[in-house]
Amino acid sequence: MAHIVVNTKKSKGTINKNIYGQFAEHLGRCIYEGVFVKEEDGIPNVNGMRCDVVNALKNIKVPVIRWPGGCFADTYHWMDGIGAKENRKKIVNTNWGGVTEDNSFGTHEFLELCKQVGCEPYICGNVGSGTVQEMSDWVEYCNMGGVSPMAELRRSNGHDEPWNVKYWGIGNENWGCGGNMTPEYYADECERYSTFVRNYDNDHPVYKIACGANAADYNWAKVVAEKAGPFVDALSLHYYTVPGPDWFNKGKATEFTVSEYYETVKKTLFLGEIMDNNISILKQASKPEHQLKLIVDEWGNWFAVEPGTNPGFLYQQNTIRDGIIAALNLNMFQDRCDTVVMANIAQMINVLQAMILTEGPKMVLTPTYHVYDLYKDHMDARQVESYAETEDLVDGDNVIPSLSVSSSEKDGKLTITVVNVDPAKEAEIDIILGGVKVSDASARTLAGDIHDHNTFDDPEKVTLKALDVTVTDGGAGIKVKLPAGSVTSITATEI
Ligand code: AHR
């Protein structure tokens, strides 16, 4: 028997729903096929957006989508993607497989997708190979309501009203694919670019996100935060979980040993330490009236591509292990919600740790998708302190905790999400509630063998199931038995 303590008297604040954000890049089959289809494909769509995919994204209440990249963003010239489709420039997607990018999905199409999903857009500008003028014009094109050259251009392309895009990224991975800059050089560029990312409507101010560090590169974070911090609202952070001996020998998505599973969990939990160090750096660089926030706008499992697929398309399957990794990350983001205000899993469809996989007209929801479904009650809820009495699971050098928990309350409902990391042993849990009592409780779980996954022939192998829970001690406790290798969401009515 293990204990979990939930203490509603202590909170780090509200869990920003944008922690449940997505990332969609012009990469492989994420945008084209995954989201955007042509009439001749015969897939039901509205203005080119797949209905099945849009409905699935609405169900998990996607709050924000980051676009157009990724590395693609620093090669993207937005004017190539507006106006009559037949006149749009065809370019080479130099980062991802050297395929032709016909620019049929551009700014209007992205903002149409966001409208259909009901989410905020987050646009990443081109600092690596673009110009300040180009980025400044893009913001004016999207956000200027009155008379101006870019507002007139937008109107001539059929959109009268401004979209008021709030979130703007000042480049992507400028320490790497975004220009191989030094932090000092990037910080200068960031100041210059942000100066010309203007507000066109005081009721809809823009929110500027500087390119932050790659994983544990604290020097990058420090230099950028100290120098460019006053000009932006937040710094990004990118961290991928990559099991395997090195970058060129990544582990596989569906075939892995228990040791590799432990390694995947251990590498994932390292992000907690990286975030804490970034948070300290941001706090030290912030002014009392201007507290810099942290946005983890790329994260997730990065495995070897599926055999027989284009190596530049980063297509990988998604198992219960991915669901567990997603849940561990989400628990870590939530428990740092005073500074972590957005996170965008890479990527939304058909790329890396995806929510959704498609094959022609077929679609499957992955275990990662189901975890987002399980966690949606946390959005905009008040985070409350919770603690799990864990034991260490040991496999050689990999020592990982057996449980992870995060909790919140909203509208008289308490939500506790727990991961039983142990792939072989169920966990009997006694939850002790402090500061609150509950009248009734229910639970849903994602469970199975850690290798289980959904395929186009067997799309329902992994789904959410109801789990028995009992309210104990006159409403001051909850008892639950968590299956081995599972993610569970417990919901209780507060009295
Ligand atoms: O998500 C795939 C790639 O990973 C992104 O384009 C880039 O920003 C990161 O290196």
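Worth saying up front: this structure is predicted, and the values here are computed from it rather than measured. (Residues numbered from 1 in each chain as written. Predicted model: local features only at pLDDT ≥ 70, side-chain atom pairs only at ≥ 80, totals over all residues. Heavy atoms only, no water.)

**Some words on the overall build of the protein**
- Looking only at helices and strands, one finds 9 helices and 27 strands in the protein.
- The globule rule puts the C-alpha radius of gyration for 495 residues at 23 Å, and the 22 Å found for the protein is close to it.
- With the C-alpha coordinates aligned to their principal axes, the bounding extent of the protein is approximately 65 × 55 × 45 Å.
- When burial is assessed residue by residue, the protein has 60% of its 495 residues classed as buried.
- Looking at the protein alone, contacts between residues at least 24 apart form 76% of all its contacts between residues at least 6 apart.
- Summed over its atoms, the accessible surface of the protein is roughly 18700 Å², and 50% of this surface lies on carbon and sulfur atoms. (Helix = DSSP H or I, 4+ residues; strand = E, 2+ residues; numbered from the N terminus. Rg over C-alpha atoms; globule rule 2.2 N^0.38 Å. Buried < 20%, exposed > 50% of the residue type's maximum accessible area, 1.4 Å probe, protein only. Contact = heavy atoms within 4.5 Å. Areas by Shrake-Rupley, 256 points an atom, 1.4 Å probe, with all protein chains shown as cover.)

**A word on the domain arrangement of the protein**
- Per the domain assignment, the segments of the protein are domain 1 (17-379) and domain 2 (384-494).
- Distance from the C-alpha centre of domain 1 to the C-alpha centre of domain 2: 29 Å.
- Counting each side, the surface lost to burial between domain 1 and domain 2 is near 3400 Å², with a carbon and sulfur contribution of 63%.
- On the domain 1 side of the contact with domain 2, Tyr262, Ile320 and Leu374 bury the most area, a combined 23% of that side's loss.
- Scanning the region where domain 1 abuts domain 2 turns up 2 salt bridges.
- In this structure, Arg444 engages Asp373 in a salt bridge whose closest nitrogen and oxygen atoms are separated by 4.0 Å.
- Inspection of the domain 1/domain 2 interface yields 19 residue pairs in polar contact (both at pLDDT 80 or more).
- When contributions to the side of domain 1 that touches domain 2 are tallied by element, the ones reaching two or more residues are α7 (258-285), α8 (320-334), β15 (356-359), β16 (362-365) and α9 (367-375).
- For the side of domain 1 that touches domain 2, the residue count by class is 20 nonpolar, 11 polar and 8 charged. (Domains from an automatic or database assignment. Buried area = accessible area lost by both parts, 1.4 Å probe. Salt bridge = Lys/Arg side-chain N within 4 Å of Asp/Glu carboxyl O. Polar contact = N/O pair within 3.5 Å; in protein donor to acceptor, adjacent residues only side chain to side chain. Nonpolar A, V, L, I, M, F, W, Y, C, P; charged D, E, K, R; others polar.)

**As for the sheet that holds strand β6 (residues 64-67)**
- Ordered by their spatial adjacency, 8 strands build a closed barrel running β3-β6-β9-β10-β11-β12-β13-β14, and the pairing between neighbours is parallel. When strand polarity is set aside, the average angle formed by the axes of neighbouring strands in this sheet is 30 degrees.
- Lying over the sheet, helix α6 (residues 218-228) contacts β11 (207-214) and β12 (234-241), oriented at roughly 155 degrees with respect to β11. (Pairing = 2+ DSSP bridges. Axes fitted to C-alpha atoms, helices over the stretch in contact; angles between N-to-C directions.)

**So, the site of the ligand**
- If you check the shell around the ligand, you find 13 residues, and the closest are Glu25, Cys71, Glu173, Tyr240 and Glu298.
- Tyr240 is positioned with one of its side-chain polar atoms (N or O) 2.8 Å from an oxygen atom of the ligand.
- Measuring from an oxygen atom of the ligand, one finds a side-chain N or O atom of Glu298 at 2.7 Å.
- A total of 280 Å² of accessible area belongs to the ligand in isolation, and the protein chains cover 93% of it.
- Looking at the shell around the ligand, its residues break down into 7 nonpolar, 3 polar and 3 charged. (Near = heavy atom within 4 Å.)

**Description of the state of the cysteines**
- In total, this model carries 1 disulfide according to the counting rule given.
- Covalent S-S linkage joins Cys71 and Cys177, the inter-sulfur distance amounting to 2.2 Å. Measuring handedness by torsion sign, the sulfur bridge of Cys71 and Cys177 sits at about -90 degrees and is left-handed. Taken together, the positions of Cys71 in the loop between β6 and β7 (91-93) and Cys177 in the loop between β10 (167-170) and α5 (183-195) put the pair 106 residues apart, joining distant regions of the chain.
- The buried category is assigned to Cys71, whose relative accessible area is 12%.
- Judged by its relative accessible area of 32%, Cys177 is partly exposed.
- The cysteine Cys124 is free of any disulfide, with Cys211 supplying the nearest cysteine sulfur at 8.3 Å.
- Judged by relative accessible area, which is 0%, Cys124 ranks as buried. (Disulfide = S-S within 2.5 Å.)

**Quick word on the packing of aromatic side chains**
- Taken as a whole and assessed by the stated rule, the structure comprises 21 aromatic pairs.
- On the basis of an interplanar angle of 15 degrees and a centroid distance of 4.6 Å, the ring pair of Trp67 and Phe110 is categorised as stacked. Here the residue Trp67 occupies a position in strand β6, and Phe110 occupies one in helix α2 (residues 107-117), the gap between them amounting to 43 residues. There is no split in this pair, since Trp67 and Phe110 are both buried.
- Pairing Phe72 with Tyr76 gives two aromatic rings, centres 5.4 Å apart and planes at 35 degrees, and the pair type is tilted.
- Overall, the relative accessible area of 0% leaves Phe72 in the buried class.
- Relative accessible area serves as the criterion here: at 1%, Tyr76 is assigned to the buried category. (Phe/Tyr/Trp six-rings, centres within 6.5 Å; stacked < 30°, edge-to-face > 60°.)

**Considerations on a nonpolar patch on the surface**
- A cluster of nonpolar side chains, Val5, Tyr387 and Ile432, forms an exposed patch at the surface whose accessible area comes to about 280 Å².
- You can see Tyr387 is positioned in strand β17 (residues 382-388). (Patch = residues over 30% accessible without salt bridge, like charges linked within 9 Å, V, L, I, M, F, W, Y side chains within 5 Å.)

**Examining the pairing of β6**
- Going residue by residue along β6, you find Val64 and Arg66 tucked away on one face and Ile65 and Trp67 tucked away on the opposite face as well.
- Examined bridge by bridge, strand β3 (residues 21-23) and β6 share 2 bridges and lie parallel to one another. By the bridge assignment, Gln22 is partnered in β6 with Ile65.
- Pairing of β6 with strand β9 (residues 120-124), which is carried by 4 bridges, proceeds in the parallel orientation. Residue pairing in the sheet places Arg66 in a bridge with Tyr122 of β9.

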